[in-house]
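The chain contents come next:
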Amino acid sequence: DRAHRGDEPGGLLLDRAGTVVRANRAFLEFLGGPDFKDVIGRRMDELFTCEDRAFLDKLLTAGSDYGTCDTAATIPMGTRHALRFTVVGSATKEDLSVVIVNDITTDKERDLKIAKEHKKEAIEVLMGALMHRINQPLTVMMAKAHLMHLALEQGVIETDEMKRNLKEIMKFIMQVA
């Protein structure tokens, strides 16, 4: 189902009112395989239900010879898609406009998945750096506390040395905090 994946764009020829005059096979396949007679003579807003009800009218009357807009829409089969509409020729200036319809749903999903993966990788790098930043002073504090404990047990620690070591441990605690 190439058209469903957005590999092959659907094409329409519309009159000024947004009524389908011609359609290509890819467009029919995207809609689920109706016959040409099911599409010809129908307005675009009958084929697509967009979040913004006026989207298709805005698209066709944008006033330029070429324009592209993305929107979420439901097709007659009832499935919701992210669609990119490209209009060549404005219905307000010409008798006919060509509208190319691409299903970009999988593109959007892929982009979202990639963005999530990048965020996860960034968080993992940040966590690694943070763990190093915290573990380094904790290791020094543990070593100093262990040496102080041994010196106390052996009765060979001096008060000034104990104060100096405790101040250093407090400095490391502030770094971690």
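Values in this document were obtained by computation on a predicted structure and should not be read as measured data. (Residues numbered from 1 in each chain as written. Predicted model: local features only at pLDDT ≥ 70, side-chain atom pairs only at ≥ 80, totals over all residues. Heavy atoms only, no water.)

**Student:** How should the overall build of the protein chain be read in this particular structure?
**Tutor:** A tally of regular secondary structure across the protein chain gives five helices and six strands. Its C-alpha radius of gyration of 33 Å places the protein chain more than 25% over the 16 Å reference for a compact globule of 177 residues. With respect to the principal axes defined by its C-alpha atoms, the protein chain has extents near 100 × 35 × 20 Å. Classification of the 177 residues of the protein chain by burial places 30% in the buried group. Partitioning the intrachain contacts of the protein chain with sequence separation of at least 6 by distance along the chain shows that 45% fall at a separation of at least 24. Looking at the protein chain as shown, the accessible area adds up to about 11,600 Å², and 57% of this sits on carbon and sulfur atoms. Seen as two clouds, the 25 positive and the 28 negative side-chain charges of the protein chain have centres 4 Å apart. (Helix = DSSP H or I, 4+ residues; strand = E, 2+ residues; numbered from the N terminus. Rg over C-alpha atoms; globule rule 2.2 N^0.38 Å. Buried < 20%, exposed > 50% of the residue type's maximum accessible area, 1.4 Å probe, protein only. Contact = heavy atoms within 4.5 Å. Areas by Shrake-Rupley, 256 points an atom, 1.4 Å probe, with all protein chains shown as cover. Lys, Arg positive; Asp, Glu negative; His and termini not counted. Charge placed at Lys NZ, Arg CZ, Asp CG, Glu CD.)

**Student:** Teacher, can you tell me more about the side chain of Thr-105 here?
**Tutor:** Considering the arrangement of structural elements, one finds Thr-105 in helix α4 (residues 105-154). Residue class for Thr-105 comes out buried when judged on its relative accessible area of 16%. Of note is the side chain of Thr-105, whose polar atom sits 2.8 Å from the backbone nitrogen of Ala-82. At a separation of 2.5 Å, a polar atom in the side chain of Thr-105 contacts the side chain of Asp-103. (Polar contact = N/O pair within 3.5 Å; in protein donor to acceptor, adjacent residues only side chain to side chain.)

**Student:** Just checking my understanding: could you explain helix α5 (residues 159-176) for this structure?
**Tutor:** In an α-helix, one turn spans 3.6 residues; hence positions three or four apart end up facing the same way. Look at α5: 26 Å from first C-alpha to last across 18 residues, which is about the 26 Å you get at 1.5 Å a residue. Buried within α5 we find Met-162, Asn-165, Ile-169 and Phe-172. Buried residues of α5, viewed axially, fall in a sector of 90°; they line one side. Exposed residues pointing more than 90 degrees away from the buried face of α5 are listed as Thr-159, Asp-160, Arg-164, Lys-167, Met-170, Met-174 and Gln-175. Looking at the buried side of α5, the elements it contacts are α4. (Expected span 1.5 Å × (residues − 1). Arc of directions from axis to C-beta.)

**Student:** How should the pairing of strand β6 (residues 96-103) be read in this particular structure?
**Tutor:** Residues in a regular strand point their side chains to alternate faces of the sheet. Where strand β1 (residues 10-15) and β6 come together, six bridges link them in antiparallel fashion. For Leu-13, the partnering residue across the bridge sits in β6 and is Val-98. One ladder, built from six bridges, connects strand β5 (residues 80-88) with β6; its direction is antiparallel. Paired with Val-87 across the bridge in β6 is Val-99. (Pairing = 2+ DSSP bridges.)

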